[in-house]
Amino acid sequence: MAEQVVTEPKPDPNLSYAKNPRRLHLVLERRNGGFLVLGLRQTERRQVSKADFLESAVKDSSVVLSPDAKRVLKQWLAARYGRPAFPNAFEHRLRKNVGRRTVEQQIAKIIAPDARHLVGLFFDLGEQRGEEIASGEPYARRWCTISNC
């Protein structure tokens, strides 16, 4: 599903550049100048037959998908369909409330000031990537940098 977010290019940094596998703020350029931010949600997709699409589709030549925006869209789609699944226990821990926020929200808040410079946040569960670790037991810690990952 797509929705217009804002008429000026002010996408949410945490939802741009394919950082979120479920939502994307995609910046389209208007031919007459200016920008349009389009919000895409993977979870609200609809199936449309080709015949219905061809009958209802209207070409809008007032906006252009720049090469950079096209790359971001492809990266977002690839991240959605090509990303490895984490164990349910790990996903549950990311969504667990700690105080008033989830762990996921706390991480987003920490990286928000530099989010526009980040391409992604990677978690390496190593040998435990397919294991459902019991609550209270930590996943193994492995710290890495660009040079040793």
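Keep in mind it's a predicted model, so treat the numbers as computed, not measured.

(A) Fine view of the layout of surface pockets. Approximately 1,200 Å³ is the volume found for the largest pocket. Along the wall of the largest pocket there are 34 residues; nearest its centre are Lys19, Asn20, Pro21, Leu121 and Phe123. The set of elements that each furnish at least two residues to the lining of the largest pocket consists of helix 2 (67–82), helix 3 (88–94) and helix 4 (103–111). It is helix 4 that contributes the most residues to the lining of the largest pocket, 5 residues altogether. In terms of residue class, the lining of the largest pocket is made up of 17 nonpolar, 7 polar and 10 charged.

(B) Broad picture of the packing of aromatic side chains. Evaluation of the coordinates by the stated rule reveals 3 aromatic pairs. Centroid distance phenylalanine 86 to phenylalanine 123: 6.3 Å. Interplanar angle 85°. Geometry classified as edge-to-face. Taken together, the residues phenylalanine 86 in the loop between helix 2 and helix 3 and phenylalanine 123 in the segment after helix 4 connect sequence positions 37 residues apart. In this structure phenylalanine 86 comes out as partly exposed when scored by relative accessible area, which is 25%. Residues phenylalanine 90 and phenylalanine 123 carry aromatic rings whose centres are separated by 5.5 Å and whose planes lie at 70° to one another, so their mutual orientation is edge-to-face. Separated by 33 residues along the polypeptide, phenylalanine 90 in helix 3 and phenylalanine 123 in the segment after helix 4 bring together distant segments of the chain. Given the relative accessible area of 9%, phenylalanine 90 is considered buried. A residue is classified by how much of its surface remains accessible, and phenylalanine 123, at 35% relative accessible area, is partly exposed. Among the aromatic residues, ring-to-ring pairing joins Phe86, Phe90 and Phe123 into one connected group.

Reading the values: the criteria
- Residues numbered from 1 in each chain as written.
- Predicted model: local features only at pLDDT ≥ 70, side-chain atom pairs only at ≥ 80, totals over all residues.
- Heavy atoms only, no water.
- 1 Å grid on protein atoms, 1.4 Å probe; cavity = no way out; pocket = protein on both sides within 12 Å on 5 of 7 lines; lining within 4 Å.
- Points joined across faces, edges and corners; volume = space filled by probe spheres on them.
- Helix = DSSP H or I, 4+ residues; strand = E, 2+ residues; numbered from the N terminus.
- Nonpolar A, V, L, I, M, F, W, Y, C, P; charged D, E, K, R; others polar.
- Phe/Tyr/Trp six-rings, centres within 6.5 Å; stacked < 30°, edge-to-face > 60°.
- Buried < 20%, exposed > 50% of the residue type's maximum accessible area, 1.4 Å probe, protein only.

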